[in-house]
Amino acid sequence: MLQCTHSSSLRISPAMRHAVWLLLCIFACQVASVGQQAAAPDLEAQLKAQIAALPAEFQRELARRNPDIALPPTEDNRAALQDAIKFVLRVRNKPALYALALNSQRQKTADSASKDAVNKFKAEVDEARVDKQVGSDSSQSGSTSLTTKGSVPAILGFAVENGALESSTSGTSITFRGRPVQIIQALQKIGYNDSYQVIERNSSLGLLNRFAFGITFDTGRTNSTTFTGNANQISAFSVHVDLINHRDPRDKRYNDRWSTLRLGAAQEMANRLYVVADLLTSDTFTPTFNPWLEETAVQAATAWIKNDGSLTQVLETQFAKFPSPSGVPPSDDPSIAAFASATQTMLNARQDILSYVGTAPLVTFEYTDNKAAPAVAPAVALPDTSNFKVIAEFTPIKGGSFTSNGSVTIFNSQPATVAANRVRDAQFSSQVDVPVATSVPKLGNFVLSFSGKYEFIPDDVITAASATGTGTALKGNIAIGQAKLTIPVKGSGVKIPLSLTVSNRTELIKETNVRGNIGITFDLDSIVSRLKP
Amino acid sequence: MQMRNNDELDLAGQDGETIAVKITSASSGTINNFVLNGKPWPGGSFALDKTLTPVFKLLVQTIYKTDSGNACEITVTGSNGGDVSVHDEIQAPGEAFDAAMYTFIVT
């Protein structure tokens with residue numbers, strides 16, 4: 001069970017404040033390297049991806065030939081396994097994989113420094129995305145987000161954040177966000193990859209997939225600060241609709257760009273690949289290829305039967321000694337170098353299109369029903385509130401984003417005291433996110449964010465002043481500025497936001513306020529795409 | 001057209017037979033390129049001609065627009081009937097491209 005620790009106050013001392021600003025400035029100095037976030041995948045990454053996919057292909061082929069063999073296979077199944085492996089690895093079926101393997105051998109003898117330079121900036125693209133709103137919005141206790149982002153995770157994400165932004169209370173909130181269509185598909189055991197194809201084929205599902213939901217739990221609303229999922233801890237429910245979202249590379253509006261790629265860089269790559277594939281499928285290569293194939297089938301079948309997770313490693317070892325079809329070492333084979341050059345050109349052109357798609361504007365609408373905490377006598381019960389928000393996002397700089405929110409919050413019922421107006425407040429905020437390239441082990445690119453928010457409260461209104469108590473939000477204008485650093489843990493889907501917020505006043509107190517917030521967000525998409533492709 | 005060794009990529013056809021190549025099923029996330037006997041080929045159909053070469057070779061390359069979730073099915077048929085070759089390209093996570101090499105022995 002997930003446990004969260006509640007912190008009653010996160011006010012920051014002046015010395016600490018200066019230290020955090022200094023930290024943020026140091027990272028800001030590295031912003032010049034932002035463009036490298038969108039680096040194209042290199043050929044070595046493509047080789048690894050294709051080798052990593054082989055065990056699943058072996059399994060499919062084995063099931064096609066011998067549907068009665070139960071997995072994991074045993075020594076009795078060795079002959080069938082080796083036949084399936086050899087069929088998948090026939091040269092006609094894998095010319096691109098073999099060309100990549102030969103290029104890898106060529107590169108190993110070339111200057112390794114240039115390869116290291118490419119690997120250094122290899123992007124963990126999804127983890128570095130700056131357009132996903134995983135946590136709660138700024139009205140929730142404990143939020144680290146002043147401005148709400150336009151995207152939500154495809155499947156499910158949750159966030160635990162501690163601190164507070166607008167409210168004068170600190171608390172711990174846990175937010176779950178997700179798209180129902182893809183959650184149902186995940187429960188139906190439809191693979192992450194297949195889910196997009198199912199949605200693409202069904203326009204009704206495509207329409208439904210524009211909707212996402214969010215539920216926020218405030219663990220401070222019960223006696224224990226432990227997250228229980230109890231209805232008493234629900235502090236908000238939200239519905240999110242994509243109004244304009246053209247950030248799918250398969251959108252018809254990008255057909256011309258893909259057509260240009262197909263006729264240019266992709267055709268040139270195919271021409272170069274053909275030269276290598278022609279050698280691979282020549283009769284003269286067969287006597288060299290067959291012993292390698294036999295040895296690979298034996299080794300791979302052994303690893304498969306062992307079922308100890310070593311199959312991919314065994315395949316990588318075998319591909320590292322794949323024989324050259326031209327009779328000369330790959331480093332001396334001009335056809336391999338030509339293939340590598342054309343392929344990298346194609347990958348760069350493809351990445352240019354994907355980067356362009358990533359800059360498409362995004363407009364969404366979000367409705368949030370904020371549930372007031374149960375009142376404890378003698379406190380007065382607060383009415384629930386409804387927040388209507390429009391979120392617009394575009395990309396003025398490569399890899400970054402600019403987001404604006406405009407929202408109005410109303411009381412769901414007339415407050416019993418103080419308030420004379422059903423409109424609680426109107427807000428406008430903007431945020432710029434800039435990825436910062438880092439070379440910190442096990443961490444991806446950091447994201448540095450600066451945001452500003454203006455809030456207008458037309459009348460004095462009753463509001464929450466503690467987890468279960470009330471106070472008066474004073475009429476007037478509130479200006480808030482925030483600097484935030486988001487630290488991703490590479491390969492985990494986990495991000496740690498750390499923010500410093502300054503405001504001219506809070507809703508309850510008319511004096512300058514400085515707060516620090518720290519949180520943790522978790523995006524299930526990153527995990528599911530690995531575990532259940 | 002016949003399949004050899006139960007391999008949909010290892011084919012044989014009669015001299016003069018017309019071979020048709022179609023992408024019969026694909027998500028909108030794929031694009032295909034063809035190279036026939038070393039030259040760019042726009043797709044469609046071609047005739048086997050023993051005077052040109054005893055073995056025709058056709059490379060079909062698939063580029064994936066996104067990092068996962070795409071697939072395409074390639075169907076090859078001969079005008080004289082016989083076997084129908086169906087080959088699937090299924091994208092692995094992170095895979096940007098794939099390819100298959102068809103060989104046609106002209107009999």
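Residues numbered from 1 in each chain as written. Chains lettered and ligands numbered in written order. Predicted model: local features only at pLDDT ≥ 70, side-chain atom pairs only at ≥ 80, totals over all residues. Heavy atoms only, no water.

Regarding the overall build of chain A
A tally of helices and strands in chain A yields 13 helices and 14 strands. Relative to its 533 residues, chain A shows a buried fraction of 51%. A fraction of 68% describes how many contacts in chain A between residues 6 or more apart in sequence connect residues 24 or more apart. Roughly 22,900 Å² of accessible area belongs to chain A as shown, and the carbon and sulfur atoms make up 59% of that amount. (Helix = DSSP H or I, 4+ residues; strand = E, 2+ residues; numbered from the N terminus. Buried < 20%, exposed > 50% of the residue type's maximum accessible area, 1.4 Å probe, protein only. Contact = heavy atoms within 4.5 Å. Areas by Shrake-Rupley, 256 points an atom, 1.4 Å probe, with all protein chains shown as cover.)

Looking at the overall build of chain B
Looking only at helices and strands, chain B has zero helices and ten strands in total. In sequence order, chain B lays out its α and β elements as β-β-β-β-β-β-β-β-β-β. Counting the 107 residues in chain B, one finds 56% classified as buried.

Here's the deal with the pairing of strand E7 (residues 55–64) of chain B
All names here are of chain B. Of all the ten residues making up E7, nine are buried; the element is thus mostly covered by neighbouring parts of the structure. The sheet contact formed by strand E4 (residues 30–36) and E7 spans seven bridges and is antiparallel. Each residue of the ladder has a partner; that of Ile31, found in E7, is Ile63. Across nine bridges, E7 lies against strand E10 (residues 97–106) in antiparallel orientation. Bridge pairing in E10 links Val55 to Ile105. (Pairing = 2+ DSSP bridges.)

A word on the nonpolar core
One finds A:Phe58, A:Tyr98, A:Leu261, A:Phe319, A:Met346, B:Leu59 and B:Phe97 to be the most contacted residues of the largest nonpolar core, which totals 66 residues. Contact partners of A:Phe319, with chain neighbours within four places excluded, come to A:Ile51, A:Leu54, A:Leu89, A:Leu97, A:Tyr98, A:Ala101, A:Gln105 and A:Trp292. In terms of nonpolar packing, the next biggest core, distinct from the first, is built from 20 residues, B:Val21, B:Phe34, B:Leu48 and B:Leu58 among them. (Core = buried A, V, L, I, M, F, W, Y, C linked by side-chain atoms within 4.5 Å.)

Some points on the interface of chain B and chain A
Taken together, the 42 residues of chain B in the interface contact 41 residues of chain A. In total, about 3,500 Å² of surface goes out of reach between chain B and chain A, with carbon and sulfur atoms giving 55% of it. Ranking the residues of chain B by area buried against chain A places B:Lys65, B:Phe97 and B:Met101 at the top, with a combined share of 19%. Applying the counting criterion to the chain B and chain A interface returns five salt bridges. (Buried area = accessible area lost by both parts, 1.4 Å probe. Salt bridge = Lys/Arg side-chain N within 4 Å of Asp/Glu carboxyl O.)

Looking at the pairing of strand E9 (residues 85–90) of chain B
With burial as the criterion, only one face of E9(B) is covered, namely that bearing B:Ser85, B:His87 and B:Glu89; the residues B:Val86, B:Asp88 and B:Ile90 on the opposite face remain uncovered. Hairpin geometry of strand E8 (residues 71–78) of chain B and E9(B) is characterised by an intervening segment of six residues between the two adjacent antiparallel strands and by a positive phi of about 80° at B:Gly81.

Some thoughts on the packing of aromatic side chains
All names here are of chain A. A full pass over the atoms with the stated rule returns 19 aromatic pairs over all chains. A centroid spacing of 4.8 Å and a plane angle of 90° characterise the contact between Trp292 and Phe322, whose relative ring orientation is edge-to-face. Highlighted residues: Trp292 in helix H10 (residues 286–306) and Phe322 in the loop between helix H11 (311–319) and helix H12 (334–357), separated in sequence by 30 residues. Accessibility classification places Trp292 together with Phe322 in one group, the buried group. Stacked on the ring of Phe87, the Lys or Arg Arg65 has its end atom at 4.8 Å from the ring centre. (Phe/Tyr/Trp six-rings, centres within 6.5 Å; stacked < 30°, edge-to-face > 60°. Lys NZ or Arg CZ within 6 Å of the ring centre and 35° of its normal.)

Some details on the environment of A:Ala231
Here A:Ala231 lies in the loop between strand E3 (211–218) and strand E4 (234–245). Along the sequence, A:Ala231 and A:Phe217 sit 14 residues apart, while their C-alpha atoms lie 8.4 Å from each other.

As for the confidence of the model for chain B
Of all residues in chain B, 99% have pLDDT values of 70 or greater, and the mean over the chain is 93. On the interface metric, ipTM, the complex scores 0.96, and its pTM is 0.68. (pLDDT = per-residue confidence, 0-100.)

A look at the packing of helix H9 (residues 255–280) of chain A against H12(A)
All names here are of chain A. Following both chains from N to C, one finds H9 and H12 inclined at 160°, their axes separated by 9 Å at the closest point. Our classification of the angle between H9 and H12 gives roughly antiparallel. Along this stretch, H9 crosses H12, giving a crossing that reads as left-handed. Looking at side-chain class alone, the contact of H9 with H12 contains 18 nonpolar, three polar and four charged residues. (Axes fitted to C-alpha atoms, helices over the stretch in contact; angles between N-to-C directions. Parallel < 35°, antiparallel > 145°, perpendicular 65-115°, else oblique. Left-handed = near helix turned anticlockwise from the far one by under 90°. Nonpolar A, V, L, I, M, F, W, Y, C, P; charged D, E, K, R; others polar.)

Concerning unusual backbone geometry
Residues and elements named next belong to chain A. The peptide bond linking Leu71 to Pro72 adopts the cis configuration, its omega dihedral lying at 0°. Within the element layout of this structure, Pro72 appears in the loop between helix H2 (43–65) and helix H3 (78–88). In the Ramachandran plot, Asn307 falls in the positive-phi region, its phi being about 55° despite a non-glycine side chain. Along the chain, Asn307 turns up in the loop between H10 and H11.

Here's the deal with the pattern of salt bridges
Counted according to the given criterion, the structure contains 21 salt bridges over all chains. Of the charged contacts in the structure, one is a salt bridge between B:Glu8 and A:Arg90, with a shortest N-O distance of 3.1 Å. With B:Glu8 in strand E2 (residues 7–13) and A:Arg90 in the loop between H3 and helix H4 (95–109), this residue pair bridges two chains. A relative accessible area of 10% places A:Arg90 in the buried class. Its salt-bridge partner being A:Arg424, residue A:Asp425 comes within 2.6 Å of it at the nearest N-O pair. Each of the two residues, A:Asp425 as well as A:Arg424, counts as buried. Among the ionic contacts, a cluster of salt bridges with common partners joins A:Glu61, A:Arg64 and A:Arg65.

Observations regarding the environment of A:Ser324
Residue and element names in this part refer to chain A. Relative to the elements of secondary structure, Ser324 occurs in the loop between H11 and H12. Residue class for Ser324 comes out buried when judged on its relative accessible area of 18%. When the C-alpha atoms of Ser324 and Leu280 are compared, they prove to be 8.7 Å apart, with 44 residues separating the residues in sequence. Among residues more than four places away in sequence, those in contact with Ser324 are Leu102, Phe285 and Pro330. A polar atom in the side chain of Ser324 sits 3.1 Å from the side chain of Ser326. (Polar contact = N/O pair within 3.5 Å; in protein donor to acceptor, adjacent residues only side chain to side chain.)

What to know about the sheet that holds strand E1 (residues 2–4) of chain B
Residues and elements named next belong to chain B. Pairing within the open sheet is mixed, and its six strands lie in the order E1-E2-E10-E7-E4-E5. Strands with a single pairing partner mark the edges of an open sheet, and in this sheet they are E1 and strand E5 (39–41). Direction aside, neighbouring strands of the sheet carry axes that sit 35° apart on average.

What about the packing of H2(A) against H4(A)?
All names here are of chain A. Look at H2 against H4: their axes get within 9 Å of each other, and the N-to-C directions meet at 135°. The angle between H2 and H4 places the two elements in the oblique class. Relative to H4, the crossing made by H2 is left-handed. Only Ala96, Leu97, Leu100, Ala101, Asn103, Ser104 and Gln107 of H4 make contact with H2, whose side of the interface consists of Leu43, Glu44, Gln46, Leu47, Gln50, Ile51 and Leu54.

Remarks on the environment of A:Thr74
Inspection of the secondary structure puts A:Thr74 in the loop between H2 and H3. Under the relative-accessibility criterion, A:Thr74 is labelled partly exposed at 39%.

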